[in-house]
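# Summary of the model geometry
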Amino acid sequence: MAVEASNSELVSVVALLAAGVVAVPIFKRLGLGSILGYLAAGLAIGPFGLRLFSDPAAILHVAELGVVMFLFIIGLEMRPSRLWGLRKEIFGLGVLQVGLCAALLTAIGLFAGFPTAAAFVAGAGFVMTSTAIVMQVLEERGDLGLPKGQRILSILLLEDLAIVPLLALIVFLAPGGAETSMADRLTDVGIGVAAITAVVVAGLYLLNPIFRILADAHAREVMTAAALLVVLGAALVMQLSGLSMAMGAFLAGVLLSESTFRHQLEADVEPFRGILLGLFFLAVGMSLDLAVVAANWMKVAAFVVLYMLVKAAGIYGVARMLRTGHAEALERAVIMAQGGEFAFVLYSSAAAVGIIDAVTNAVLTAVVIISMVLTPLAMLGLRFLLPQGEEVSLDGVDAADGLQGSVLVIGFGRFGQIASQPLLLRGVDVSIIDNDVEMIQAAANFGFKVYYGDGTRLDILHAAGAGRAQAVLVCVDKAETSLRIVEQLKAEFPLTKVLARAYDRGSALDLIQAGVDYQIRETFESALIFGQAILEAVGVDTEEAAEVIEDVRRRDAARFEAQTTGGLTAGRGYFKGNMPVPTPLTPPKRAGRALSDETEDVLKKPPAGLPEDAT
């Protein structure tokens, strides 16, 4: 019997892994994202699909640790000084958005005929955005470190904090809840404050010394165990005190963000985070009760549409009220329009104390899950609402118009900033354009005047003075964008010198074909300097190392010249590889002699892949 039980558990584990491994690549290939893939896979293997699992709640309970570990890693990136800098967004933007959306959603519940307490709980639960989905979207899009991503993160943190008073309020709103004494409520608050204080004290004074001792032991597995202990321990302390597990993990991460062991901790926790977060989305997909949806499909559909639209409208309204651009406000509204995992906790607590009945709990849970499923699809629809070339808010930013600089720089990222320095030091009149408003605003803080303009548009190039400039520097970081700009410039301004940054060897060849006057691969020269430093570090004389690097440069130039006519695979003979070359065990005593005319012709030909002049 024990063997059968063990086999059954193994089948479940294999089914979970197989569902994710099959579904996620397919959905990502279709452009639907990994989240929708996990949700669809969970629905397929759950109680209403293949019925490989009958209790998704048990899996969901374990999988919530994925969200916990995700927030721990986010906490590691949020240094206390950085978090303090977001205080206005957390307690300003966050409170305003949560308060307005809660009021609007509560009004929908009252209109639908819910009692006041039930309408408030239903609306407040849906206000809690899915941290897992939003953070995954921000991470995949690379927006987490940008100001707009930080604003969304601030709102999520406020929502995590809001779950605490909401859970306390449920006890008060419950039938007979008003009888709860003030002393009991103050006791709960005191326990929460004590838990936060304990986590903070441990993070400040205990964790670093402990990790230092473990590091001296040189036991990697113990360090991994200690990292998991920190995450789960902080989450457990918060949970036992009635607070959010995710908030505990985030707080632990913030406290360790200044630690010398930060990168080690992140590397140890990351694999568990990824697997458990995927498991969380699988469990959410399994939890969708299709029987309840079928029996109440009109009510579920109405609530999904109304809740998502009204919440999105509230988010958009708050963003615009605080002078956020249309594009960012609309994007935030779409990303955060769904309900979240904390709604399950809130609805379960409300059902346990009698505020809502079991059917209402199931309906509201289905509404939240369906909204989570619809979010990736809504993100796809956002592409049509915000097409390329949409007007960008230029508050505090000047558009490129009538510029007269001797040199025009297109793109002011890392490469453009360095390339412009010799010109500025020499006193050359330089005009700079970029299409990243946030970067332009940041550059202004460092004394750079950058104009807004899309270098791929011909009218912008005219307005930026490309026809009057002595030279145009194309410093954008995307190869296809750089090629498009160069083609526009050489077609419209053939007498203007165009110098471009190339992403790699292939893009450099494309730029040559487009007629660029000069191009350089962005990492080529820095890699050569790095290589020379390595030679000197291993004992090679400085002059000899410089000669070797110069030889590499000559070989690369010859290879590149061959590739301009023969394609990317030409000129291999100039490139030194590290694959072993078969050689005789002992050198031959005399040269090989052809025994036929055909063999003699073969021996006279250079080795395959080498140019004729390399033999």
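Okay, so let's go over this structure.

Each value, and the rule that gives it
- Residues numbered from 1 in each chain as written.
- Predicted model: local features only at pLDDT ≥ 70, side-chain atom pairs only at ≥ 80, totals over all residues.
- Heavy atoms only, no water.
- Salt bridge = Lys/Arg side-chain N within 4 Å of Asp/Glu carboxyl O.
- Helix = DSSP H or I, 4+ residues; strand = E, 2+ residues; numbered from the N terminus.
- Buried < 20%, exposed > 50% of the residue type's maximum accessible area, 1.4 Å probe, protein only.
- Polar contact = N/O pair within 3.5 Å; in protein donor to acceptor, adjacent residues only side chain to side chain.
- Contact = heavy atoms within 4.5 Å.
- Phe/Tyr/Trp six-rings, centres within 6.5 Å; stacked < 30°, edge-to-face > 60°.
- Lys NZ or Arg CZ within 6 Å of the ring centre and 35° of its normal.
- Core = buried A, V, L, I, M, F, W, Y, C linked by side-chain atoms within 4.5 Å.
- Pairing = 2+ DSSP bridges.
- Right-handed = clockwise from strand over helix to strand, strands pointing away.

## Observations regarding the pattern of salt bridges
Per the counting criterion, the structure on display carries 11 salt bridges. With its nearest N and O atoms 3.0 Å apart, the salt bridge here joins Glu 525 to Arg 553. In this pair, Glu 525 sits in helix α24 (residues 524-537) while Arg 553 sits in helix α25 (residues 542-566), placing the two residues 28 residues apart along the sequence. Residue Arg 553 is classed as partly exposed on the basis of its relative accessible area of 27%. A salt bridge links Arg 554 to Asp 551; its shortest N-O distance comes to 3.7 Å. One end of the pair is Arg 554 and the other is Asp 551, both in helix α25 and 3 residues apart, which spans about a single turn. Through salt bridges that share partners, Arg 151, Glu 328 and Arg 332 make up one connected network.

## Thoughts on the side chain of Lys 490
Relative to the helices and strands, Lys 490 is located in helix α22 (residues 479-492). Separated by 3.5 Å, the side chain of Lys 490 and the backbone oxygen of Thr 496 make a polar contact. Within polar-contact distance, the side chain of Lys 490 engages the side chain of Asp 517 at 3.1 Å. When near neighbours in sequence (up to four residues on either side) are disregarded, Lys 490 contacts Thr 496, Val 498, Ala 514, Gly 515 and Asp 517.

## Focus: the environment of Val 137
For Val 137, the location among the structural elements is in helix α7 (residues 131-141). For the pair Val 137 and Met 379, spaced 242 residues apart in sequence, the C-alpha separation works out to 9.3 Å. In contact with Val 137, not counting residues within four places along its chain, are Ile 35, Ile 335 and Met 379.

## Regarding the side chain of Arg 501
Along the chain, Arg 501 turns up in strand β5 (residues 497-502). Within polar-contact distance, the side chain of Arg 501 engages the backbone oxygen of Cys 475 at 3.0 Å. A polar side-chain atom of Arg 501 sits 2.7 Å from a polar atom in the side chain of Glu 522. Setting aside anything within four residues of it in sequence, one finds Arg 501 in contact with Arg 414, Phe 415, Val 474, Cys 475, Val 476, Asp 477, Ser 482, Leu 511, Ile 520 and Glu 522.

## A few points about the packing of aromatic side chains
According to the stated counting rule, one finds 4 aromatic pairs in the structure shown. With a centroid separation of 5.3 Å and an interplanar angle of 70°, the aromatic rings of Phe 303 and Tyr 307 are classed as edge-to-face. Pair noted here: Phe 303 and Tyr 307 are both in helix α15 (residues 297-321), with a separation of 4 residues, about one helical turn. Here Phe 303 and Tyr 307 have matching classes, each one buried. Each residue in the set Phe 114, Phe 126, Phe 303 and Tyr 307 is aromatic and connected to the rest through ring pairs, giving one cluster. The aromatic ring of Tyr 451 is capped on one face by Lys 449, whose charged end is 5.3 Å from the ring centroid. Sitting over the face of the ring of Phe 524, Arg 521 holds its NZ or CZ atom 4.4 Å from the ring centroid.

## A short note on the nonpolar core
If you look at the biggest cluster of nonpolar residues, it comprises 108 residues, and the most contacted ones within it are Phe 72, Phe 126, Phe 281, Leu 282, Tyr 307, Tyr 347 and Val 367. For this core, the element with the highest residue contribution is helix α18 (residues 358-385), accounting for 10 residues. Sequence-distant contacts of Tyr 347, that is, excluding residues within four places in its chain, are made with Val 121, Ala 122, Gly 125, Phe 126, Ile 356, Asn 361, Leu 364, Thr 365 and Val 368. Of all hydrophobic cores here, the second largest spans 25 residues; its members include Leu 403, Val 472, Ala 502 and Ala 514.

## Concerning the pairing of strand β4 (residues 471-474)
Because side chains alternate across β4, one face comprises the buried residues Ala 471 and Leu 473, and the other comprises Val 472 and Val 474, equally buried. Strand direction decides the pairing type here: strand β1 (residues 407-410) and β4, joined by 4 bridges, are parallel. When the bridges of β4 are listed, Val 409 appears paired with Leu 473. Both β4 and β5 contribute to a ladder of 4 bridges, which runs parallel. By the bridge assignment, Val 474 is partnered in β5 with Ala 500. For the handedness criterion, the β-α-β arrangement of β4, α22 and β5 is classed as right-handed.

## Regarding the sheet that holds strand β2 (residues 430-434)
What the 6 strands build is an open sheet, ordered β3-β2-β1-β4-β5-β6; its pairing is parallel. Looking at the sheet topology across the chains shown, the edges are occupied by β3 (451-452) and β6 (518-521). Inspection of the sheet shows β1 paired to β2 by 4 bridges, in the parallel sense. Within β2, the position partnered with Leu 408 by the bridge is Ser 431.

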